[in-house]
Amino acid sequence: MSEEIIVMNPATGEEVDRVKKESREDIERKIDKAHEMFKQYRKKNAHDRSALLVRWAELIRENKDEIAELITKENGKPLKEAAGEVEYACSYIDYYAEEGKRVYGRTIPQHEDDVRLVVTRQPIGVVAAITPWNFPVAMMARKAAPAVAAGCTFIVKPASETPLSAIRFLDLALEAGFEEGVIQYVTASGKDVGEVFSHSEKIMKLTFTGSTAVGKTLMEGAASTVKNITMELGGHAPLVVNKDADLDMAVEHAVATKFRNSGQTCVCANRFYVHEDVAEAFSQKFADRVKTLKVGNGLDEGVEVGPMINEDGYDKVMRHISDAKDKGGQVTAGGEGSKDAGYFIEPTVITGATDDMLIMNEETFGPVAPIQTFATLDEAIEKANDTEYGLAAYFFTESYRDGIRLQEGLDFGVLGWNNGKPSAAHIPFGGLKESGIGREGGPEGIEPYLETKITSMKI
Ligand code: NAP
């Protein structure tokens, strides 16, 4: 009997479904298929590839409710957020359906009279992807859409917690008319798939979204075949509230960035630095607003914050809360959790945060906002940058001068200035330092799937 991956509902602790755990041979067979199909698919012209992507997005939108419900059942996020994720995923398909038609080469003025120089672009080859559970379809679409728009074949391993929505999403690609072998998935443990993907000579590109620790392992493996890599890794986003910030606006955006997906996004604000002149006012308004958030099963009407994905995630967040309390933090909203049925944690605000707290140093991945005060902007920038991560950072200020100082001083790849949602399909997204290598979204997002050739012709 083949092994299975059991998919659990984190809001109820009940089984949702099972999928086959594929063997090494299964995975290699699919890689072979992708490799064979690449020879054919690379010849399909960009406009025909675009038409397939357009049809795929249409089918996904027609099945949006079903996919959103699957996301909520396996991931826990509220249904409205899940539907938003499906639409967000489609926006990448829409974007790259167009961007694939704009993969331009160029000519270079010759340096000798009888030479002509032509630069051409071509698809890199078979692309392998590994994706996380926090955005089961969107993180995949950000990779699949530019890869197949560029003329690559694509094979993805979704996270074991959330394979169901990913499978439904990818099956629709076949329905849309992509030939078998152009877009495939494998379901098996990350460790097993990672080893096969990173060492395979048939895979030219490895693109990963997930934790920095796993990203480092994959980079080591990919070195064996000098594979082209994209790494979208962990974050530890600071959120700075300057003394002249519009506090009501800052509170609304802070709630959006902190509690989306129950705090389980790579760009969630993880630590708050608030100017001492406005710290009390901001903390009070923020805690009052956080107390209004409705926690529960994402399928229930009006729920705004769902459960943690699993027991490990729950335990880590609770450890961060108790460590902060032990070190003098005051809980001004929430603070309690329960894992009797599902893994729920109240949206939590902790004031009096200090540099030695775990939560100020590690990615929490949960609905907890620690607030520390600062006196000068230089101090805030220094603290914000004092991390190995460099993915997202947020700052709130009405001052053009201070805003520019923050924009230039913060070492992060994605900045939100008075904006808690700085991501979209047409925007390049990615991290500095140990948050990653490469960008997804925007014109930059198709580059990783292309190779450059120069032809020097003697005439
Ligand atoms: P994770 O543990 O790194 O898992 C991500 C994926 O990697 C899953 O599909 C997992 O498979 C697989 N995996 C696990 N161990 C592996 C190994 N040894 N080799 C190859 N693959 C392996 O991360 P996660 O807990 O799912 O996601 C949370 C992390 O992702 C956070 O750090 C977050 O910041 C980051 N993230 C980053 C971005 C970004 O754009 N920068 C976006 C979203 C999330 P299994 O499920 O089978 O274990």
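Before any of the text, the structure's been laid out above.
I will try to describe carefully the structure that is included in this document. On a predicted model such as this, the values are computed, not experimentally measured, just so you know.

This part is about the overall build of the protein chain. Within the protein chain, the regular secondary structure consists of 13 helices and 22 strands. Taken against the 2.2 N^0.38 rule, which gives 23 Å for 459 residues, the C-alpha radius of gyration of the protein chain at 23 Å falls within 12% of a compact globule. Seen through its principal axes, the protein chain has C-alpha atoms that stretch 75 × 65 × 40 Å. Counting contacts in the protein chain only where the partners sit at least 6 residues apart, residues at least 24 apart contribute 72% of the total. Carbon and sulfur atoms make up 49% of the accessible area of the protein chain, which amounts to about 18,900 Å² in all. When the 53 positive and 74 negative side-chain charges of the protein chain are each reduced to one mean point, those points stand 5 Å apart.

For the ligand, the set of nearby residues contains 32 residues, the closest of which are T131, S160, S211, L233 and E363. One of the side-chain N or O atoms of E232 is found 3.4 Å from an oxygen atom in the ligand. Protein burial of the ligand: of its 910 Å² of free accessible surface, 85% is covered by the chains. Those elements giving two or more residues to the shell around the ligand turn out to be α5 (138-150), α7 (190-199), β8 (203-209) and α8 (212-223). In terms of residues, the shell around the ligand owes the most to one element, α7, which gives three residues. By residue class, the composition of the shell around the ligand is 15 nonpolar, 11 polar and six charged.

So, on to the pairing of strand β15 (residues 348-351). Neither face of β15 is open: one carries T348 and I350, the other V349 and T351, and all of them are buried. Pairing between strand β12 (residues 330-333) and β15: three bridges, direction antiparallel. The residue bridging V331 from the neighbouring strand is I350, located in β15. Across four bridges, β15 lies against strand β16 (residues 368-374) in parallel orientation. Pairing of T348 across the sheet is with V368, part of β16.

The next subject is the sheet that holds strand β5 (residues 126-130). Reading across from one edge, β7-β6-β5-β8-β9-β21 is the order of the six strands in this open sheet, with mixed pairing throughout. Each having just a single partner strand, β7 (183-185) and β21 (436-437) make up the two edges of the open sheet. Contacts from helix α6 (residues 163-176) reach β6 (153-157) and β7 within the one sheet, and its direction differs from that of β7 by about 155°.

The next subject is the packing of aromatic side chains. Under the criterion given, the structure shown has 12 aromatic pairs. Judged by centre distance (5.0 Å) and plane angle (85°), the rings of Y95 and Y96 are edge-to-face. In this pair, the class of Y95 matches that of Y96, namely buried. On the numbers, 5.7 Å between centres and 85° between planes, the contact of W133 with F365 is edge-to-face. Remark: F365 occurs in the loop between β15 and β16 and W133 occurs in the loop between β5 and α5; sequence separation between them is 232 residues. A residue is classified by how much of its surface remains accessible, and W133, at 15% relative accessible area, is buried.

Sheet architecture is open: three strands sit in the order β3-β4-β22, paired in antiparallel fashion. Pairing within the sheet leaves two strands with one partner each, and these edge strands are β3 (106-108) and β22 (450-458). On average, adjacent strands in this sheet sit at an angle of 25° to one another, irrespective of strand direction. Sheet topology places strand β4 (residues 115-123) next to β22; nine bridges connect them, and they run antiparallel. In the sheet register, L117 faces β22, and the bridge partner there is S456.

Positive phi, normally seen in glycine, also occurs at V226, with a value near 45°. Along the chain, V226 falls in the loop between α8 and β9 (228-232). A relative accessible area of 73% places V226 in the exposed class. Unlike most non-glycine residues, K433 shows phi in positive territory, near 50°. Residue position: K433 is located in strand β20 (residues 432-433).

With that out of the way, let us pick up the side chain of S283. Here S283 is to be found in helix α10 (residues 279-290). Leaving out residues up to four positions away in the same chain, S283 has contacts with T351 and I371.

Here the focus is the nonpolar core. Within the largest apolar cluster, 52 residues are counted, with the highest numbers of intra-cluster contacts made by W56, F169 and F178. If we skip the residues at most four places from it in the chain, F178 touches Y41, L52, L53, W56, V148, A173 and I183. Grouped together as the second largest cluster of nonpolar side chains are 33 residues, V278, A279, A287 and F396 included.

Let us now look at helix α2 (residues 46-62). Over its 17 residues, α2 runs 24 Å from end to end, which matches the ideal 24 Å to within 8%, given 1.5 Å per residue. Along α2, the positions that sit buried rather than exposed are R49, S50, L52, L53, W56, A57, L59 and I60. For α2, the secondary structure elements touched by its buried residues are α1 (24-41), α3 (64-75), α4 (79-99), α5, α6 and β7. Of the residues that open α2, the one with a side-chain oxygen 2.9 Å from the backbone nitrogen of H47 is N45.

Conventions adopted
- Residues numbered from 1 in each chain as written.
- Predicted model: local features only at pLDDT ≥ 70, side-chain atom pairs only at ≥ 80, totals over all residues.
- Heavy atoms only, no water.
- Helix = DSSP H or I, 4+ residues; strand = E, 2+ residues; numbered from the N terminus.
- Rg over C-alpha atoms; globule rule 2.2 N^0.38 Å.
- Contact = heavy atoms within 4.5 Å.
- Areas by Shrake-Rupley, 256 points an atom, 1.4 Å probe, with all protein chains shown as cover.
- Lys, Arg positive; Asp, Glu negative; His and termini not counted.
- Charge placed at Lys NZ, Arg CZ, Asp CG, Glu CD.
- Near = heavy atom within 4 Å.
- Polar contact = N/O pair within 3.5 Å; in protein donor to acceptor, adjacent residues only side chain to side chain.
- Nonpolar A, V, L, I, M, F, W, Y, C, P; charged D, E, K, R; others polar.
- Buried < 20%, exposed > 50% of the residue type's maximum accessible area, 1.4 Å probe, protein only.
- Pairing = 2+ DSSP bridges.
- Axes fitted to C-alpha atoms, helices over the stretch in contact; angles between N-to-C directions.
- Phe/Tyr/Trp six-rings, centres within 6.5 Å; stacked < 30°, edge-to-face > 60°.
- Core = buried A, V, L, I, M, F, W, Y, C linked by side-chain atoms within 4.5 Å.
- Expected span 1.5 Å × (residues − 1).

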